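Survey of secondary and tertiary structure
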There are 2 protein chains.
Amino acid sequence: MDGREDDDSARSLGEALFRDILALIHSGGIAPGATLGEATLARQFGVSRGPVREAIRRLQGIGLVTREPFARARIALLDRTAVDDLFDMRVALEGRACALAATRMDDHAITTLLAALERARRRDLGDPDVPPDDFDFHLLLIDHARSPRISAALGGDLYPLLRLYRRWSGARPERKGVAYQEHWQILRAIRSRDADLARSLMEQHIEKARANLMTALDASPTSQPVPAARLPAAPAASSLPAGPA
Amino acid sequence: MDGREDDDSARSLGEALFRDILALIHSGGIAPGATLGEATLARQFGVSRGPVREAIRRLQGIGLVTREPFARARIALLDRTAVDDLFDMRVALEGRACALAATRMDDHAITTLLAALERARRRDLGDPDVPPDDFDFHLLLIDHARSPRISAALGGDLYPLLRLYRRWSGARPERKGVAYQEHWQILRAIRSRDADLARSLMEQHIEKARANLMTALDASPTSQPVPAARLPAAPAASSLPAGPA
DNA sequence: TTTGCCTTAAGTGTTGACAGTTTGTCGGAG
DNA sequence: CTCCGACAAACTGTCAACACTTAAGGCAAA
């Protein structure tokens, strides 16, 4: 079968492959811990090894793929340590983004977001299962923080991983109502321009999601006590010539 | 001249080229805003275009390079907006790392770090100029946070950029004494296991560094009002299928 | 039977070449 | 003199092939 799907929103094959491979892993086409070779993927997608190489490099950059110099790439196992690490980063980034949004959003944007949140809540709670959920509070809020770097790290790297983890550990729709309430509280803090409170609420909100995912991961059969993903480009402190003050 | 320098710590040419090009920019061999073509660099370093391509892709991942689908890569200009964005990310990451360190460091590590800090202070203040400064408080502290992802983002991506900005805007050795004092306060908060205080202190510390760099950038002749680096892989909120709750 | 070395195969790192796109330039029309 | 369009050069994206590394399997010796 040819898993190649044309996505014209990506101008280069490498970009498209990144999404395709991500989708392939997401759909369970590749199991966690499986080894993915460049030549194999190249044949499977009907392209050369060049673009595949770029896509894998980017997967490696996300931390989804473990790779040593000449060894073949393995997609990372998701143990508790990796999830913890992922959420540490997420708390840091989204907490800050939330505080920034409290400072930088104008009243009109807040009102609009509030209305959209309420609309989505009614729709989702109307038919609780199978919600399309294309309204994403977090992504929208991050956009309003107007920090390209944080947006890129979150939306481009962390969230695809999170979707993967949630997929593997199973979703929990019963938390949806609580999540809406927490989102509303965060937005209210932003409306009152209380950046510290907004950040604190967001951090707590994400901590709940972490605990949620943790318990789901414990109950999941795919959780395995395997060494976590080794991230690239994390030089030891002593190996760097100088650092910022 | 052949700028190629063998760095056997990198197993692949792409990795070595990443550092070499970074060093080349750092040393002023390439001016900000200059266009760097793959073929040119390949000839200059005596390798093929493949590794150069990988290195540029990684430079682009850091946000040091702007690139559109078929256009040639430009090294990003450093205007106020870019610095602001960089420091927003840094505050988020290092603040969290500091809080984590306050939780995860054991007493022995704290004592050791404290002693090393004092030792470095005496040495640096002994001869104020031309300090080797291979003791880096921030890097060490981040290591102690034991979060691979945050360490990678900070040590692998943000710090090289920061060094660049500092280089271009000029260092300010007179702040060194103050910095030591702030470092000491942060460590004291960690020793008393006050994660919130430690994070707050670290955030303030970094904010000072941001202000410092800003004024230096304003006075610097290289600061230019040019569109900042467009970061890769920051999809708009509406273009993503679903996000985390 | 077990241990060590050697052979072999798979896979990554790297290279040079080809195709499509963009950008700068030159000539001509208005 | 300015503006527009076509041509050409340069560059990026992609591909197929070669060189080198690693790991696994077999074979021989203890």
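Described in the following lines is the structure provided in the data block. Remember, it's a predicted structure, so these values are computed and weren't measured experimentally.

**Concerning the overall build of chain A**
Check the secondary structure of chain A and you find 9 helices and 3 strands. Its helices and strands in sequence order give chain A the pattern α-β-α-α-β-β-α-α-α-α-α-α, from N to C terminus. In chain A, which comprises 245 residues, the proportion classed as buried is 49%. Restricting to contacts in chain A with at least 6 residues of sequence separation, those with at least 24 account for 74%.

**Observations regarding the protein's contact with DNA strand C**
As a matter of local geometry, DNA strand C sits amid 20 residues, with R49, R53 and P69 of chain A together with L13 and S48 of chain B nearest to it. E38 of chain A is positioned with one of its backbone polar atoms (N or O) 3.2 Å from a phosphate oxygen of DNA strand C. In this structure, a phosphate oxygen belonging to DNA strand C sits 2.8 Å away from a side-chain N or O atom of R53 of chain A. Contributing elements (two or more residues each) for the surface near DNA strand C: α3 (49-62) of chain A together with α1 (13-26) and α3 (49-62) of chain B. Here the surface near DNA strand C is built from residues that sort into 7 nonpolar, 5 polar and 8 charged.

**Here's the deal with the packing of helix α7 (residues 148-169) of chain B against helix α9 (residues 195-219) of chain B**
Relative placement of two packed helices is described by the angle separating their axes and the distance separating the axes. All names here are of chain B. It is the contact of α7 with α9, at a shortest axis distance of 9 Å, that shows an interaxial angle of 45°. Between α7 and α9, the interaxial angle falls into the category oblique. Like other packed secondary-structure pairs, α7 and α9 cross with a definite hand, here left-handed. Each of Y165, R166 and S169 in α7 lies in contact with α9, whose residues at this interface are L213, A216 and L217. By residue class, the composition of the contact of α7 with α9 is 4 nonpolar, 1 polar and 1 charged.

**Some thoughts on the environment of G61 of chain A**
All names here are of chain A. Within the fold, G61 resides in helix α3. On the basis of relative accessible area, G61 is assigned to the partly exposed category, the value being 48%. Taking the C-alpha atoms as reference points, G61 and D157, 96 residues apart in sequence, are found 8.3 Å from one another.

**What to know about the sheet that holds strand β3 (residues 73-75) of chain B**
Pairing between the strands of a sheet is mediated by backbone hydrogen bonds and can be parallel or antiparallel. Residue and element names in this part refer to chain B. Pairing in this open sheet of 3 strands is antiparallel, and the strands run β1-β3-β2 from one edge to the other. At either end of the open sheet lies a strand with only one pairing partner, and these are β1 (35-36) and β2 (65-66). Here β1 pairs with β3 via 2 bridges, running antiparallel. Across the sheet, L36 pairs through a bridge with A73, a residue of β3.

**Considerations on empty space enclosed by the protein**
Throughout the structure, instances matching the rule amount to 4 cavities of 30 Å³ or more. Estimates place the volume of the largest cavity at around 60 Å³. If you go around the largest cavity, the residues you meet are V91, A92, G95, R96, R199 and E203 of chain A together with V91, A92, G95, R96, R199 and E203 of chain B. Taken together, the elements giving at least two residues each to the lining of the largest cavity come down to α4 (80-104) and α9 (195-219) of chain A together with α4 (80-104) and α9 of chain B.

**Things to note about unusual backbone geometry**
Comment: phi is negative for the bulk of residues other than glycine, and the bulk of peptide bonds are trans. We note that R193 of chain A has phi near 60°; this positive angle belongs to a residue other than glycine. With respect to the helices, strands and loops of the structure, R193 of chain A is situated in the loop between α8 (176-191) and α9. In this structure R193 of chain A comes out as partly exposed when scored by relative accessible area, which is 35%. A positive phi is found at R146 of chain B, a non-glycine position, where the angle reads about 55°. Of note, R146 of chain B is situated in the loop between α6 (137-145) and α7.

**Remarks on the nonpolar core**
Formed by 140 residues in total, the largest nonpolar core has its most connected members in L93, L141 and I190 of chain A together with L93, L141 and I190 of chain B. With near-sequence residues (within four places) excluded, I190 of chain A lies in contact with C98, A101, A102, M105, I110, L141 and A198 of chain A.

**Notes on the packing of aromatic side chains**
Under the counting rule described, the total for this entry stands at 0 aromatic pairs over all chains. Sitting above the plane of the F18 of chain A ring, R58 of chain A keeps its charged end 3.9 Å from the centroid.

What counts as what
Residues numbered from 1 in each chain as written. Chains lettered and ligands numbered in written order. Predicted model: local features only at pLDDT ≥ 70, side-chain atom pairs only at ≥ 80, totals over all residues. Heavy atoms only, no water. Helix = DSSP H or I, 4+ residues; strand = E, 2+ residues; numbered from the N terminus. Buried < 20%, exposed > 50% of the residue type's maximum accessible area, 1.4 Å probe, protein only. Contact = heavy atoms within 4.5 Å. Near = heavy atom within 4 Å. Polar contact = N/O pair within 3.5 Å; in protein donor to acceptor, adjacent residues only side chain to side chain. Nonpolar A, V, L, I, M, F, W, Y, C, P; charged D, E, K, R; others polar. Axes fitted to C-alpha atoms, helices over the stretch in contact; angles between N-to-C directions. Parallel < 35°, antiparallel > 145°, perpendicular 65-115°, else oblique. Left-handed = near helix turned anticlockwise from the far one by under 90°. Pairing = 2+ DSSP bridges. 1 Å grid on protein atoms, 1.4 Å probe; cavity = no way out; pocket = protein on both sides within 12 Å on 5 of 7 lines; lining within 4 Å. Points joined across faces, edges and corners; volume = space filled by probe spheres on them. Core = buried A, V, L, I, M, F, W, Y, C linked by side-chain atoms within 4.5 Å. Phe/Tyr/Trp six-rings, centres within 6.5 Å; stacked < 30°, edge-to-face > 60°. Lys NZ or Arg CZ within 6 Å of the ring centre and 35° of its normal.

From the geometry alone we can't say anything about function, so treat these as descriptive.
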